[in-house]
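Close look at the chain arrangement
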Amino acid sequence: MKKNYMELSRYINSYFPDTVGKVSGSVDRPPEMWIIISQVTSLLQICGMAFVVFGDSLLETFGLNPANTPKWLNSAKENKMGVFFALFFLNNYANSHLATGAFEVVYNGRTVFSKLEMGRMPNVDEVLKGMEAVRREYAQAQATVNVAA
């Protein structure tokens, strides 16, 4: 996305020289819930992989008797690959929600293009035409204010 932003910024600055240094972009932060879920699943994946690799020796390190483990833990020990893949896909699913997919173009407080609304990336012509329309509206509003004054 940063590459797309940089290219679009160059086009805007070349087409509208008065915007040089005024075009900026930012990251759209994902919902806090998905950030927390992603962190938890990452931790689960690391712990699960350590368990898959080290097994009973890891339990003994923490002072647990491998013979007295709960049934679900014994089941996980017997199905190490299943645990590995389940944790892997769970973590990938959580991380996929961290990308918002936002690519919003705002000029003078007006949305020129919204990827979230349109469901696709803009082309340069759409953005430039949208900015021209906003600039015309702004110029007309300024002219109206100047005539009224």
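In the block above lies the structure referred to throughout.
A brief look at the structure comes next. (Residues numbered from 1 in each chain as written. Predicted model: local features only at pLDDT ≥ 70, side-chain atom pairs only at ≥ 80, totals over all residues. Heavy atoms only, no water.)

**Quick look at the overall build of the protein**
- Scanning the protein for helices and strands turns up seven helices and two strands.
- Its C-alpha atoms give the protein a radius of gyration of 26 Å, more than 25% over the compact-globule value 15 Å for 149 residues.
- A burial count over the protein gives 26% of its 149 residues as buried.
- Counting only contacts in the protein whose residues sit at least 6 apart along the sequence, the fraction spanning at least 24 positions is 54%.
- For the protein, the accessible surface area stands at approximately 10600 Å², while carbon and sulfur atoms represent 61% of it.
- Taken as two groups, the 14 positive and 13 negative side-chain charges of the protein have centres that lie 3 Å from each other. (Helix = DSSP H or I, 4+ residues; strand = E, 2+ residues; numbered from the N terminus. Rg over C-alpha atoms; globule rule 2.2 N^0.38 Å. Buried < 20%, exposed > 50% of the residue type's maximum accessible area, 1.4 Å probe, protein only. Contact = heavy atoms within 4.5 Å. Areas by Shrake-Rupley, 256 points an atom, 1.4 Å probe, with all protein chains shown as cover. Lys, Arg positive; Asp, Glu negative; His and termini not counted. Charge placed at Lys NZ, Arg CZ, Asp CG, Glu CD.)

**Structural notes on the nonpolar core**
- By size, the foremost hydrophobic cluster in this structure holds 12 residues: L8, I12, F16, F103, V105, Y107, V112, F113, V127, L128, M131 and V134.
- Those elements that place two or more of their residues in this core are α1 (2–15), β1 (104–107), β2 (110–114) and α7 (124–148).
- In terms of residue count, the dominant contributor to this core is α7 (four residues).
- Non-local contacts of L8, meaning those with residues more than four positions away in its chain, are made with F103, V105, V124 and V127. (Core = buried A, V, L, I, M, F, W, Y, C linked by side-chain atoms within 4.5 Å.)

**Thoughts on the environment of T144**
- One can find T144 in helix α7.
- For T144, a relative accessible area of 54% gives the class exposed.

**Regarding the pairing of β1**
- Side-chain alternation along β1 places V105 and Y107 on a buried face and E104 and V106 on a face that remains uncovered.
- In this structure, β1 lies alongside β2, joined through four bridges in antiparallel fashion. From the neighbouring strand, V106 faces β2, where its bridge partner is T111.
- Linking β1 back to β2 in an antiparallel pair, the connection comprises two residues, with N108 at a positive phi of about 50°. (Pairing = 2+ DSSP bridges.)

**Observations concerning the packing of aromatic side chains**
- Throughout the structure, instances matching the rule amount to six aromatic pairs.
- A ring pair is formed by F84 and F85, whose centres lie 5.3 Å apart and whose planes are at 75°; its orientation type is edge-to-face.
- Ring geometry for F85 versus F89: centroids 6.4 Å apart, planes at 25°, classification stacked. Placement of the pair is F85 and F89 together in helix α5 (residues 80–96), with a separation of four residues, close to one helical turn.
- Here the aromatic residues F84, F85, F88 and F89 are joined through ring pairs into a cluster of three or more. (Phe/Tyr/Trp six-rings, centres within 6.5 Å; stacked < 30°, edge-to-face > 60°.)

**Looking at the packing of helix α2 (residues 32–54) against α5**
- Contact geometry for α2 and α5: axes closest at 9 Å, N-to-C directions at 160°. Regarding the angle of α2 to α5, the classification is roughly antiparallel. Both α2 and α5 take part in a crossing whose hand is left-handed. Along its contact with α2, which presents W34, I37, S38, T41, S42, L44, Q45, G48, M49 and V52, the element α5 presents K80, V83, F84, L87, F88, L90, N91, Y93, A94 and N95. (Axes fitted to C-alpha atoms, helices over the stretch in contact; angles between N-to-C directions. Parallel < 35°, antiparallel > 145°, perpendicular 65-115°, else oblique. Left-handed = near helix turned anticlockwise from the far one by under 90°.)

**A few points about α5**
- With 17 residues, α5 extends 24 Å from end C-alpha to end C-alpha; this agrees with the ideal 24 Å at 1.5 Å per step.
- Among all positions of α5, only L87, N91 and A94 are buried. The buried side chains of α5 occupy one side of the element, clustering within an arc of 65° when seen end-on. Residues of α5 that are exposed and point more than 90 degrees away from the buried face comprise M81 and F89. (Expected span 1.5 Å × (residues − 1). Arc of directions from axis to C-beta.)

None of the figures reported here should be taken as evidence of function without further support.
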